[in-house]
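# Summary of the model geometry
The lines below spell out each chain.
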Amino acid sequence: MGETTSLFADLLFHTLSYWWVMIPTIFLGLIVGGIPGFSAANTIIILMPLTLAMEVETGLIFMVTLYCAARMGAGIPAILVNIPGTAGAAATPLDGYPMTQQGKGQQALAISFVASALGGLITTLIALVSMPWLARVGFYMHSVEMIVVMLFGISLIATIAAKDTLKGLIAGFFGLMIGSIGTDVVYATPRGTFGFLELYDGVPLIPALVGLFAVSEAFLIIEKRSILSESGRAAMVKTSWDATFQGVRLALSRWWHIVWTSIIGLVIGVIPGAGASIASFVAYQQSRTFSKTPELYGTGHPEGLIAPESANNGVTSGTLVPLLVLGIPGGATAAIMLVVMQYNGINFGPSLFEDRPEIGYGMFMAMAVTYVMMMLTIIPLSRYMSRVTTVPTIYLAPMIISFTLVGAFVPREYMFDLYLALAFGVIGYIARKTGYHVAAILIGVILGPLLERYFLLALKKSDGDVMTLFSSNIGNVLWVLLALSIIFPIFLDKRKARKAMMGQ
Amino acid sequence: MTDRRDGEPRQQVGGDLIIPVLAVAFTLYFISTILDSPWTAQVNAFMIGGIVLFLCAIFFVKTALALRSGEATFSFSNTFNGEDWTSGRIGLLATTIAYAVLIEWGGFTLTTFLFLAISMAILNHGKRLGLITLISAAMALSGWALFIWAFDTRFPRGWFEGVMQAVLSNG
């Protein structure tokens, strides 16, 4: 025990000595995370020659810091202008943007930063302590279990559609249909591609995200002089440091909410390929299910903002577990870290923590230190970042369109993706004007292909027997939890309505 | 006549039908592409496509009933109206399409500058052109500096990028 404490203390001071790498990287991560199309993975690839030329420890600290900061940065445009920087922040605008419109953008940013940093820090410490057990989660989550996890996220479509269920369901299933575009996973038969080769791999996520959220938002906001409401503009005039402190207090008072939603992110992050988008949707859906005030979700409720932000930072910690223990990257960024580590001759597995503890434990320590540094450096900036919302829409809208459209181009460097983003922008604009939820469409586009892949895997393994969906104990427990999380809110609503009637 | 008999304004459903019509059209097209495919390519599409068609059918029936009872009117004015023109939205759409088409030819920086300047001028009804030019130039140059010069991102390159590369490489 004494040796472990001494090791961690040494690692802590050693990691702190890299502050000159971490602080600039934090700001770089915020920028790249905030621009749709520029994920941490893309940036690390672009800077790969630099990363490979560095000492391995420096390179890994750089990548981990960039990863954490980009995850946090994606929430900034999601809150301020209703444009998620990455798919992992797609659930953030549901309550973040309404807060901004009410003139509480500064407070919303502070809440988001605290939830992200605290959620990430807590899950990093949990992952450090429980790594051997967490690594086994990936072994137990097979295709059947993953189907139920996806359905948790997809059931959010019905939650979002609360006000007009039929329109919400049409939007969600339309999104699932769009998500089915591409070749099937078994025979590579092209489906619904309109003859475009560029769609054989499915609808690329960034153009869909950019179009549905950013481009459509830009076309909408020009109806008014500012994205703030009348009362929001009045609130922004009086804003001071107090709004930041209020946001911090609001987030800290909900510390338990941060803990359990970030653990959702941690568990989902441990599963290779699951991703932050699933974690943020599942966390939001669960947060709403267990809330005493579910009707407030979607109106600027702090817990509706805390849940996705803490969950998507929980994923960053979870991603490191299969990478370091099993050599299986949890996502694109982890895959690039794998390349850098292999280039430097690092072997993965439990022996990494004995032979090279400064690498194994060091990455988690770097993550923990990054989150603490982010709390100290970024939270004070929320006051200045929120000023973006005072920019008149006549200047803001064209800037949003230009930078997000080229952001759609960046991942694959196809002009086709730019045109696709524009097409999604028109669909998103019509959807918003006529009461259909673009978030529901996006959920379908993101989760649809994943659901199909796991569904087909399950059917292939069982030779087409549908009952395989109920063949696993863990899967059956998850089915019961899914059913409860759908029925429970309906039951609570009916009980509330009955009490209200009796009260009258 | 836009009001119901009870004086309440009638719901305009023309625009509401666009997304379901798109969904049905796309689903039928999708199904047409998988009719001769193996079952693995079909199962997901038939399941989801079936639900899409069912939900849209319910929506169409509800809409038809509302139109028949006089509670709704087949109008698109809540979706497309004169405000699209006066607010500059049509102009912004035109410049956006032009931006997407011309960026490959003109390069990122110059096309972005022109797009920003023209779009802002349209939205501001021709006022404050000096400020607009300044903002557009600053944004376009910042984008060049960050994405092309610093990150060497493979954005479309044109005349401006070529000149800057020649200037910077020759000191």
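Attention now goes to the overall build of chain B. Scanning chain B from terminus to terminus reveals seven helices and two strands. The C-alpha radius of gyration of chain B comes to 25 Å, more than 25% above the 16 Å expected for a compact globule of 171 residues. Taken along its principal axes, the extent of the C-alpha atoms in chain B is 75 × 55 × 20 Å. Among the 171 residues that make up chain B, the fraction classed as buried is 43%. Residue pairs at least 24 apart in sequence account for 60% of intrachain contacts in chain B once pairs closer than 6 positions are excluded. Split by element, the accessible area of chain B, about 9200 Å² in all, is 68% carbon and sulfur. Within chain B, one finds 10 positive and 11 negative side-chain charges whose respective centroids are separated by 4 Å.

Looking only at helices and strands, one finds 25 helices and two strands in chain A. Its C-alpha atoms give chain A a radius of gyration of 22 Å, within 12% of the compact-globule value 23 Å for 504 residues. Expressed as lengths along the three principal axes of its C-alpha atoms, the size of chain A is roughly 65 × 65 × 55 Å. Considering chain A as a whole, with its 504 residues, one finds that 64% of them fall into the buried category. Restricting the contact set of chain A to residue pairs at least 6 apart, pairs at least 24 apart contribute 80%. Of the charged side chains in chain A, 28 are positive and 26 negative; the average position of the first set lies 14 Å away from that of the second.

Looking now at the environment of Leu67(B). Residues and elements named next belong to chain B. Position of leucine 67 among the secondary structure elements: in helix α2 (residues 39–69). Relative accessible area serves as the criterion here: at 32%, leucine 67 is assigned to the partly exposed category. Once the C-alpha coordinates of leucine 67 and leucine 28 are considered, the two residues, 39 residues apart in sequence, prove to be 26 Å apart. Excluding residues that lie within four positions of it along the chain, leucine 67 makes contacts with Val13, Ala72, Thr73 and Phe74.

This part covers the confidence of the model for chain A. With 98% of its residues at a pLDDT of at least 70, chain A reaches an overall mean of 86. Averaged pLDDT values for the elements of chain A fall to 70 in helix α10 (residues 156–160) of chain A and rise to 94 in helix α23 (residues 415–433) of chain A.

Another aspect to go through is the packing of helix α12 (residues 205–221) of chain A against helix α24 (residues 438–461) of chain A. Packed helices, taken two at a time, are described by the angle their axes make and the gap between the axes. Residue and element names in this part refer to chain A. Closest axis-to-axis distance for the α12/α24 pair is 10 Å, and the angle between their directions is 175°. Taken together, the axes of α12 and α24 lie roughly antiparallel to each other. Residues Leu205, Ala208, Leu209, Leu212 and Phe213 of α12 lie in contact with α24, whose contacting residues are Val438, Ala439, Ile441, Leu442, Val445 and Ile446. Considering only residue class, the contact of α12 with α24 consists of 11 nonpolar, no polar and no charged.

All names here are of chain B. A surface patch of nonpolar side chains, about 870 Å² in accessible area, is lined by Leu110, Leu114, Ile118, Ile122, Trp149, Trp159, Val163, Val167 and Leu168. Elements represented by at least two residues in the nonpolar patch include exactly α5 (108–123) and α7 (159–169). Position of isoleucine 122 relative to the elements: it lies in helix α5.

Residue and element names in this part refer to chain A. Among the secondary structure elements, threonine 65 is positioned in helix α5 (residues 56–73). When its relative accessible area of 0% is taken as the criterion, threonine 65 is described as buried. In this structure threonine 65 touches Met22, Thr25, Ile26 and Thr370, once residues within four positions along its chain are discounted.

This brings us to the interface of chain A and chain B. Residue-level contacts link 62 residues of chain A with 69 residues of chain B. Buried surface at the junction of chain A and chain B, both sides included, amounts to about 5800 Å², of which 80% is carbon and sulfur. The interface formed by chain A and chain B includes three salt bridges. Glu223(A) is the salt-bridge partner of Arg89(B), the closest N and O atoms lying 2.7 Å from each other. The tally of links from chain A across to chain B stands at 11 residue pairs in polar contact (both at pLDDT 80 or more). Here the residues of the side of chain A that touches chain B are counted per class, giving 46 nonpolar, eight polar and eight charged.

The next thing to look at is the pattern of salt bridges. Going through the model one piece at a time under the given rule, you end up with 10 salt bridges over all chains. Across the pair Arg89(B) and Asp84(B) runs a salt bridge whose closest N-O atoms are separated by 2.4 Å. We classify Asp84(B) as buried; its relative accessible area is 7%. In this structure, a network of salt bridges that share partners links the residues Glu223(A), Lys433(A), Asp84(B) and Arg89(B).

This part takes up unusual backbone geometry. One non-glycine residue with positive phi stands out, namely Phe194(A), at about 55°. Here Phe194(A) lies in the loop between β2 (190–191) and α12. A positive phi is found at His125(B), a non-glycine position, where the angle reads about 55°.

Attention now goes to the packing of aromatic side chains. Tallied over the entire structure, the rule returns 21 aromatic pairs over all chains. Relative to Tyr384(A), the ring of Trp241(A) lies with its centre 5.8 Å away and its plane at 80°, an arrangement referred to as edge-to-face. Residue Trp241(A) is found in helix α14 (residues 241–253), and its partner Tyr384(A) is found in helix α21 (residues 382–385); the two are separated by 143 residues along the sequence. Using a relative accessible area of 34% as the deciding quantity, one classes Trp241(A) as partly exposed. Residues Phe108(B) and Phe147(B) carry aromatic rings whose centres are separated by 6.4 Å and whose planes lie at 80° to one another, so their mutual orientation is edge-to-face. Placement of Phe108(B) in helix α5 and of Phe147(B) in helix α6 (residues 129–150) is noted, with a sequence separation of 39 residues between them. Three or more aromatic residues joined by ring pairs form one cluster here, namely Phe403(A), Phe409(A), Phe108(B), Phe147(B) and Phe155(B). The aromatic ring of Tyr436(A) is capped on one face by Lys167(A), whose charged end is 5.3 Å from the ring centroid.

Helix length check: α5(B) (16 residues) gives 22 Å between terminal C-alpha atoms against 22 Å at 1.5 Å per residue, within 8%. Buried within α5(B) we find Phe108(B), Thr109(B), Thr111(B), Thr112(B), Phe115(B), Leu116(B), Ala117(B), Ser119(B), Met120(B), Ala121(B) and Leu123(B). Of the surrounding secondary structure, the elements contacted by the buried residues of α5(B) are α22 (393–409) of chain A together with α4 (89–106), α6 and α7 of chain B.

Procedures and definitions
- Residues numbered from 1 in each chain as written.
- Chains lettered and ligands numbered in written order.
- Predicted model: local features only at pLDDT ≥ 70, side-chain atom pairs only at ≥ 80, totals over all residues.
- Heavy atoms only, no water.
- Helix = DSSP H or I, 4+ residues; strand = E, 2+ residues; numbered from the N terminus.
- Rg over C-alpha atoms; globule rule 2.2 N^0.38 Å.
- Buried < 20%, exposed > 50% of the residue type's maximum accessible area, 1.4 Å probe, protein only.
- Contact = heavy atoms within 4.5 Å.
- Areas by Shrake-Rupley, 256 points an atom, 1.4 Å probe, with all protein chains shown as cover.
- Lys, Arg positive; Asp, Glu negative; His and termini not counted.
- Charge placed at Lys NZ, Arg CZ, Asp CG, Glu CD.
- pLDDT = per-residue confidence, 0-100.
- Axes fitted to C-alpha atoms, helices over the stretch in contact; angles between N-to-C directions.
- Parallel < 35°, antiparallel > 145°, perpendicular 65-115°, else oblique.
- Nonpolar A, V, L, I, M, F, W, Y, C, P; charged D, E, K, R; others polar.
- Patch = residues over 30% accessible without salt bridge, like charges linked within 9 Å, V, L, I, M, F, W, Y side chains within 5 Å.
- Salt bridge = Lys/Arg side-chain N within 4 Å of Asp/Glu carboxyl O.
- Buried area = accessible area lost by both parts, 1.4 Å probe.
- Polar contact = N/O pair within 3.5 Å; in protein donor to acceptor, adjacent residues only side chain to side chain.
- Phe/Tyr/Trp six-rings, centres within 6.5 Å; stacked < 30°, edge-to-face > 60°.
- Lys NZ or Arg CZ within 6 Å of the ring centre and 35° of its normal.
- Expected span 1.5 Å × (residues − 1).

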